[in-house]
Structures are given as structure tokens and as C-alpha cells.
Amino acid sequence: MTTTAPLPHQDIPLVFSAEVADALHEGRPVVALESNVITHGLPYPDNAATARKVEEAVRAGGSVPATIAVESGRIVVGMTDADIDRFASTPGIPKVSSRDMPIVLAQGRMGALTVASSVVAAELAGIPFFSSAGIGGVHRGADRTMDVSSDLIQFTRSKVAVVCAGGKKILDLGLTLEYLETQCVPVVSYRSDDFPAFYCVSSGFRSPMRLDDDAVIARSIENHWALGNNSSFLITTPVRPEEAIDSDEVDAAITVAMAAADRDGIRGQAITKYLMRAVDAATEGRSSKANMAVLISTAEVGGRLAAAHAQLRAGSRSVRQTPTD
């Protein structure tokens, strides 16, 4: 069962699952999830099973999952089991970033949302938390190619707390952190000193800030927006050490793969998939298993932090509504 919510001054309908609609109405915590992991990850039915495991991880953290996609000119907020199966088994569904959303919606096509488009949809839906395995960033060689992920641009525009395991090692993570600092997007590492690198525990860069307390993170997010900022708040959490891939091993695979990509003329959007496949081959499939582990661990932390944030907001509402003598 779904419900359609009209948006003031908007012509884009949002269709909520009954569970997500009830949670939002009651002020319970909800975590948005991207649908791109369903359509551009594992083959069917493993992709559908993975999506459900990620949703269960959000529930384990104490929140309601809302996997988001676009279909029939609408933004679907909270995919049902039937939705997940349909997206997982339908070939050729495009990956839709924030710049593509208006066109795909106008065409009435099915579309799987990336990080950038998911935070757009989450903010429209009134969901303050989003979880992803890893974010895009500044690519290596960006001084020549100007290849900067739309994720970073969208973080400067959308008021959503983003929980992730940092960025992939194929990126220039030093420049990624520099960009986020320049754009005044807070970056906090949860119970870790380092900025993680997807399925590597550390990128080799110290995090700008470490916070260990869920309530302090919740207050920090609210303070960021109360100060007039209309940008995201980035929270990183590393993969569990027993599920991580050795950083040096990944770096060696990337170096070889980048040389091969340059030789073969592989550039632009194709380079990310090429490098990720090369790392998977070099690690004999261990990086794919680590990828799934990251999806689940970040979702669980996202659920936990969203629950703390919802509790803070509920307390604030209670204080505002308490009558005074």
C-alpha cells in the first residue's frame, strides 16, 4: 500500500510506502537508501537479497528503511518487496543522478537513484538521514579532467545527514576532503580517527573531526542547519577490520589498472567501473564481499544515528509544547 503526498509549489509527486508514511507522520526515524545498488550491483536474485539485508541493517539500528527510486513520473519513497524484485530483475534500468532526475521523471521511466539523486529525494520527502556504502569525490587527475563527482556538488545543496564509509580508493581522497572543507560541509568520523576509504579502514588521511557519542552527533547536525546552512552533514564509519581489504593491496591494483585504462583510452564515467572491476579481480572477489559488508555496516550505523536524531527532535518538540506558568 502506498500513499501520494502533494508537495507545495512542486509538480513532482512522491509516493510513500505505508510504513515510511506512518513513520514520518509519527516522527519515528527513517533512513533513505539508494536504489542504484539493486540495479548496478550483483546479478538477480542476489541484488534483491542484498537490498533486503541493507534494509534489515537499518531496522537493526532502530530506524525504518526507505529505499528510493523513480518510476512512472513519481519518486517512490520506500520500495516494497515487489518493487525491489521488479527493479532487481528488469535489465537496462538507467542509473539516475541528480542532473538526470527531471528528464527521467518527465519521460515516466524507471530509474535507479545514486547518492546525489537520493539526497535530493530524501530532502523532498522530509527524511533527514541517508546511508550509502561510499560517496563519490574528486577523481585522480582531476586537475586535467575536471572529473568531480556530482555527489560532492549535491552535498552543498541538500540538507541531509549522509552516513557512509568515506570514498573509494580509486579517488583522490585528499582533494575530496579539501573540496568538502572549501564548501563548508562538516565531515565527522564516528568512533574513528581516520577518514575511511570504502572497504579500507583508512584512506591514510586523518578525519577533520572525531565524535563517539550519538547524541552529540545529532545535536551537531541540528546546529549545522540551525546556523543557516543548507548543506549536508557527512558522517563516516569504517568497515569492520575483519571485513576490510588491505589498503596497500588495493593501491597496487589501482596503479596497474589506471595505467591499463590510460593505455586503452578508458575515460569519464567508464573509468570507475573499470577500476572497481580491476580491484575485484586483483583481490579474487574479496572486494565484492567487502562491498556488501560496507553496505550493511553503514546502514546499521545510519539507523542508530537517525534514531538518536529523531529522539533529539522529539525532545525539542516536547519542550516547545510544554506550557509555562
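Notes on the structure follow. (Residues numbered from 1 in each chain as written. Predicted model: local features only at pLDDT ≥ 70, side-chain atom pairs only at ≥ 80, totals over all residues. Heavy atoms only, no water.)

Concerning the overall build of the protein chain
Summing up its helical and strand segments, the protein chain has 13 helices and 14 strands in all. Considered along the principal axes of its C-alpha atoms, the protein chain spans approximately 70 × 40 × 35 Å. By residue count, 50% of the 325 residues in the protein chain fall in the buried class. Sequence-distant contacts in the protein chain: of pairs separated by 6 or more residues, those separated by 24 or more amount to 72%. Only carbon and sulfur atoms are counted for the fraction: they give 52% of the accessible area of the protein chain, which is about 15,000 Å². Side chains of the protein chain carry 30 positive and 38 negative charges; the gap between the two charge centres is 2 Å. (Helix = DSSP H or I, 4+ residues; strand = E, 2+ residues; numbered from the N terminus. Buried < 20%, exposed > 50% of the residue type's maximum accessible area, 1.4 Å probe, protein only. Contact = heavy atoms within 4.5 Å. Areas by Shrake-Rupley, 256 points an atom, 1.4 Å probe, with all protein chains shown as cover. Lys, Arg positive; Asp, Glu negative; His and termini not counted. Charge placed at Lys NZ, Arg CZ, Asp CG, Glu CD.)

Points about the packing of aromatic side chains
What the rule picks out here adds up to 1 aromatic pair. Ring geometry for Phe-198 against Tyr-199: centres 4.9 Å apart, planes inclined by 50°, an arrangement best described as tilted. The same class applies to Phe-198 and to Tyr-199, which are both buried. Its end group placed over the ring of Phe-198, Lys-168 keeps NZ or CZ at 4.9 Å from the ring centre. (Phe/Tyr/Trp six-rings, centres within 6.5 Å; stacked < 30°, edge-to-face > 60°. Lys NZ or Arg CZ within 6 Å of the ring centre and 35° of its normal.)

What about the pattern of salt bridges?
If charged atoms from side chains of opposite charge come close, those side chains can pair. Under the counting rule described, the total for this entry stands at 19 salt bridges. Taking the shortest distance from any N to any O, the salt bridge between Glu-19 and Arg-59 comes out at 2.6 Å. Remark: Arg-59 occurs in helix H3 (residues 46–60) and Glu-19 occurs in helix H1 (residues 18–26); sequence separation between them is 40 residues. Exposure remark for Glu-19: the relative accessible area of 36% places this residue in the partly exposed category. Note that Asp-81 and Arg-52 form a salt bridge whose closest N and O atoms lie 3.2 Å from each other. Of the two residues, Asp-81 is situated in helix H4 (residues 81–89) and Arg-52 in helix H3; the sequence distance between them amounts to 29 residues. By relative accessible area, Arg-52 is classed as partly exposed at 26%. In this structure, a network of salt bridges that share partners links the residues Glu-19, Glu-56 and Arg-59. (Salt bridge = Lys/Arg side-chain N within 4 Å of Asp/Glu carboxyl O.)

Digging into the nonpolar core
Here is a general trend for soluble globular proteins: nonpolar side chains tend to be buried in one another's company. By size, the foremost hydrophobic cluster in this structure holds 83 residues, and its most contacted members are Ile-75, Val-77, Phe-129, Phe-155, Tyr-199 and Ile-235. Once you skip the residues sitting within four places of it in the chain, Ile-75 turns out to touch Ile-12, Pro-13, Leu-14, Val-15, Ile-68, Ala-69, Val-70, Met-101, Leu-105, Ala-121 and Leu-124. One finds Ala-48, Ala-51, Val-76 and Ile-84 within the second-largest nonpolar core, a separate group that totals 12 residues. (Core = buried A, V, L, I, M, F, W, Y, C linked by side-chain atoms within 4.5 Å.)

Focus on the state of the cysteines
Summed over the entire model, instances satisfying the criterion amount to 0 disulfides. Cys-200 supplies the cysteine sulfur nearest to Cys-164, a cysteine that is in no disulfide, at a spacing of 14 Å. When its relative accessible area of 0% is taken as the criterion, Cys-164 is described as buried. (Disulfide = S-S within 2.5 Å.)

Re the side chain of Ser-202
The residue Ser-202 is located in strand E12 (residues 200–206) in this model. A polar side-chain atom of Ser-202 sits 2.8 Å from a polar atom in the side chain of Asp-194. (Polar contact = N/O pair within 3.5 Å; in protein donor to acceptor, adjacent residues only side chain to side chain.)

Looking at the pairing of strand E4 (residues 64–71)
Of all 8 residues in E4, 8 are buried; the element is thus mostly enclosed. Of the two faces of E4, both are covered, the one formed by Val-64, Ala-66, Ile-68 and Val-70 as well as the one formed by Pro-65, Thr-67, Ala-69 and Glu-71. Pairing analysis gives 5 bridges linking strand E3 (residues 30–34) to E4, with the strands arranged parallel. The residue bridging Val-31 from the neighbouring strand is Pro-65, located in E4. As judged from the 4 bridges shared by E4 and strand E5 (residues 74–77), these two strands associate in the antiparallel manner. Residue pairing for E5: Ala-69 is matched across the bridge by Val-76. Between E4 and E5, which pair antiparallel one after the other, the connecting turn spans 2 residues, and Ser-72 there sits at a positive phi close to 55°. (Pairing = 2+ DSSP bridges.)

Examining the pairing of strand E14 (residues 233–236)
Burial along E14 is two-sided: Phe-233 and Ile-235 and Leu-234 and Thr-236, pointing in opposite directions, are all buried. As defined by bridge partners, strand E9 (residues 161–164) adjoins E14 across 4 bridges and the pair is classed as parallel. Note on E14: the bridge partner recorded for Ala-161 is Phe-233. Looking at chain direction, strand E10 (residues 187–190) and E14 are connected through 3 bridges and run parallel. Along E14, the bridge assignment pairs Val-188 with Ile-235.

Any functional reading would require information that these geometric values do not contain.
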